[in-house]
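Per-entry structural report
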Amino acid sequence: MSNVIIKGYHVKHNLTLNKDIDIKNLLLKAKKVADYAVKNKNNNKILTSKYVKQYGLPSTISNQILRKYGKGTIKEASNINLIVPNATTKIKSNNNIVEYHSIEYNDGFINIKPLKLHLRWNPGKKFKKINQIEISESRYMIVATFDKINNNNKYNDILGIDHNCGVGRHIINAANLKTGEVLNLGKRGPNIRKMYYKKRQKQKIKGNKEKRIMKDLNHKISRKIVDYALKNKLKIVVEKLSGIRKKATKRKGCNNKNRLINSWSFYRLQTFIEYKAKEYGIPFIKINPHYTSQECSYCTIIGDRDRSNFICKNKKCKKYNVCRNADINAAFNVGKRSLLPGGRAQ
């Protein structure tokens, strides 16, 4: 298992207002290099900065663009960014070997040497190195390597997580199998989706404010889950999400529910949980989700589910005929499924 984790950060900039650098002109040059790469991708001998120096980009940037667009099945280059790798060059000076880094970080500032650019950046924790920076017309995309946080905790117990979406329901229900404690998170998410859907219908919405709000909510939910798992030394168990959009039903009156299911970023939320968990060395497990919403979490017999309610009809079960929350019942089932032979997803 790798002892490092690579993370990406997006930082907005206002280079279009900077008189010292013409970002639009640089991006136009990058587009020309990318077009050259696509046109000549079958001839590796001429895919070097030597053959595109007439466009005026630093060679380290030209080479990265040529590598990216000079292979694969790309037929047309679009949305081209400046790609600055953190290249290291050894230079001999006065009988000494000096290392030159194309990207340097010092006291909260990044120095992008090939473009003579400086930007303020603080990831909030120590990192090993900056691998690469991409620059678009509106933002920097910084890729950095961090050490994984080593902890000697043994994660013997389980936190089962059930994903949901629907007005009046929580996006996440998480169940601690050891204590029986339940976390219900993200109830306002579906309401936000519904509100912005109505605004779009009336054409009263501009920009991507909804997307930013939902991404922020997903970050906060995933952080709470990981913090809880870390504090209680719990493995995180989730459903394998493939086919989740097929759950949308065709019954009369289900249009609102289907719209929420098909517009919710389930995968993004699960990805946030996964990378935050791995950063702390918390085991992250995916299980086959079949029947987790229909089985009783006490006796595993399939019961009756009616929207948010679940009732077990097994007379031998201690929860026989007791009305319970269906989503919480499913969260316990998700956690327990990871303990069964063949329960884990491949």
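The sections below set out a description of the structure shown in this document. Just so it is clear, the structure is predicted and the values come from calculations on it, not from any experiment. (Residues numbered from 1 in each chain as written. Predicted model: local features only at pLDDT ≥ 70, side-chain atom pairs only at ≥ 80, totals over all residues. Heavy atoms only, no water.)

1. Regarding the layout of surface pockets
The volume enclosed by the second largest pocket comes to roughly 650 Å³. Around the second largest pocket, the lining is made up of 18 residues, and of these His10, Lys215, His219, Arg268 and Phe272 lie nearest the centre. Contributions of two or more residues to the lining of the second largest pocket are made by strand S1 (4-12), helix H4 (209-232) and helix H6 (266-279). With seven residues, S1 is the single largest residue contributor to the lining of the second largest pocket. Each residue belonging to the lining of the second largest pocket can be placed in one class, and the counts come to five nonpolar, five polar and eight charged. (1 Å grid on protein atoms, 1.4 Å probe; cavity = no way out; pocket = protein on both sides within 12 Å on 5 of 7 lines; lining within 4 Å. Points joined across faces, edges and corners; volume = space filled by probe spheres on them. Helix = DSSP H or I, 4+ residues; strand = E, 2+ residues; numbered from the N terminus. Nonpolar A, V, L, I, M, F, W, Y, C, P; charged D, E, K, R; others polar.)

2. A closer look at the pairing of strand S11 (residues 172-176)
Most of S11 is tucked away, with five of its five residues classed as buried. Of the two faces of S11, the one holding Ile172, Ala174 and Asn176 and the one holding Asn173 and Ala175 are both buried throughout. Summarising the sheet, strand S10 (residues 157-163) and S11 pair through five bridges and their orientation is antiparallel. Looking at the pairing, Leu159 lines up with Asn176 of S11. (Buried < 20%, exposed > 50% of the residue type's maximum accessible area, 1.4 Å probe, protein only. Pairing = 2+ DSSP bridges.)

3. Looking at the packing of helix H1 (residues 23-39) against helix H2 (residues 59-69)
Running from amino to carboxyl end, H1 crosses H2 at an angle of 40°, the nearest separation of the two axes being 8 Å. Looking at the two axes, H1 sits oblique to H2. Where H1 crosses over H2, the two elements pack in a sense that is right-handed. The residues of H2 that touch H1, namely those facing Ala30, Val33, Ala34, Tyr36, Ala37 and Val38, are Ser62, Ile65, Leu66 and Tyr69. Of the residues that constitute the contact of H1 with H2, the class distribution is nine nonpolar, one polar and no charged. (Axes fitted to C-alpha atoms, helices over the stretch in contact; angles between N-to-C directions. Parallel < 35°, antiparallel > 145°, perpendicular 65-115°, else oblique. Left-handed = near helix turned anticlockwise from the far one by under 90°. Contact = heavy atoms within 4.5 Å.)

4. Notes on a positive patch on the surface
On the surface, Lys12, Lys199, Lys209 and Arg212 cluster together into a positively charged patch. The exposure class of Arg212 is partly exposed, given its relative accessible area of 46%. (Patch = residues over 30% accessible without salt bridge, like charges linked within 9 Å, V, L, I, M, F, W, Y side chains within 5 Å. Areas by Shrake-Rupley, 256 points an atom, 1.4 Å probe, with all protein chains shown as cover. Salt bridge = Lys/Arg side-chain N within 4 Å of Asp/Glu carboxyl O. Lys, Arg positive; Asp, Glu negative; His and termini not counted. Charge placed at Lys NZ, Arg CZ, Asp CG, Glu CD.)

5. Looking at the sheet that holds S1
Taken in spatial order, the four strands make up an open sheet running S1-S9-S8-S2, and their pairing is antiparallel. Of all the strands in the sheet, the pair left with one neighbour each is S1 and strand S2 (82-85). Strand-to-strand twist across the sheet, computed as the mean angle between neighbouring axes with direction ignored, equals 15°. With six bridges joining them, strand S8 (residues 129-135) and strand S9 (residues 139-147) adopt antiparallel strand pairing. Following the sheet pairing, Glu134 is matched in S9 by Met141. The strands touched by H1 are S2 and S8; relative to S2, the strand with the most contacts, the crossing angle is about 85°.

6. Some thoughts on the packing of aromatic side chains
Counted according to the given criterion, the structure contains seven aromatic pairs. Plain terms: the ring middles of Trp121 and Phe127 are 5.3 Å apart, the flat faces sit at 50° to each other, and that makes the pair tilted. In this structure, Trp121 and Phe127 share a single accessibility class: buried. Ring centres of Phe272 and Tyr275 lie 6.1 Å apart, and the angle between their planes is 85°; this geometry places the pair in the edge-to-face category. Placement of the pair is Phe272 and Tyr275 together in helix H6, with a separation of three residues, close to one helical turn. (Phe/Tyr/Trp six-rings, centres within 6.5 Å; stacked < 30°, edge-to-face > 60°.)

7. Brief notes about a nonpolar patch on the surface
On the surface, Ile91, Val98 and Tyr100 cluster together into a nonpolar patch covering about 240 Å² of accessible area. Take Ile91: it is sitting in strand S3 (residues 88-93).

8. What about the nonpolar core?
One finds Leu82, Trp121, Ile135, Tyr140 and Ile142 to be the most contacted residues of the largest nonpolar core, which totals 41 residues. Here this core gets nine residues from one element, more than from any other, and that element is H1. Non-local contacts of Ile135, meaning those with residues more than four positions away in its chain, are made with His13, Leu15, Ile23, Leu27, Asn81, Leu82, Val84, Ile112, Leu115, Leu117 and Tyr140. Judged by nonpolar contacts, the second largest core, of 26 residues, contains Ile225, Ala229, Ile236 and Val238. (Core = buried A, V, L, I, M, F, W, Y, C linked by side-chain atoms within 4.5 Å.)

9. Some thoughts on the side chain of Asn329
Tracing the backbone shows Asn329 in helix H7 (residues 326-337). Given a relative accessible area of 2%, Asn329 falls into the buried group. For Asn329, the residues in contact, after removing those within four places along its chain, are Thr292, Glu295, Cys296, Ser297, Phe310 and Arg324.

10. A closer look at H7
Over its twelve residues, H7 extends 16 Å from the first C-alpha to the last, a length consistent with the 16 Å expected when each residue adds 1.5 Å. Where burial is concerned, most of H7 is hidden: ten out of the twelve residues are buried. Buried within H7 we find Ala326, Asp327, Asn329, Ala330, Ala331, Phe332, Asn333, Val334, Gly335 and Arg337. Of the residues that open H7, the one with a side-chain oxygen 2.9 Å from the backbone nitrogen of Asp327 is Asn325. (Expected span 1.5 Å × (residues − 1). Polar contact = N/O pair within 3.5 Å; in protein donor to acceptor, adjacent residues only side chain to side chain.)

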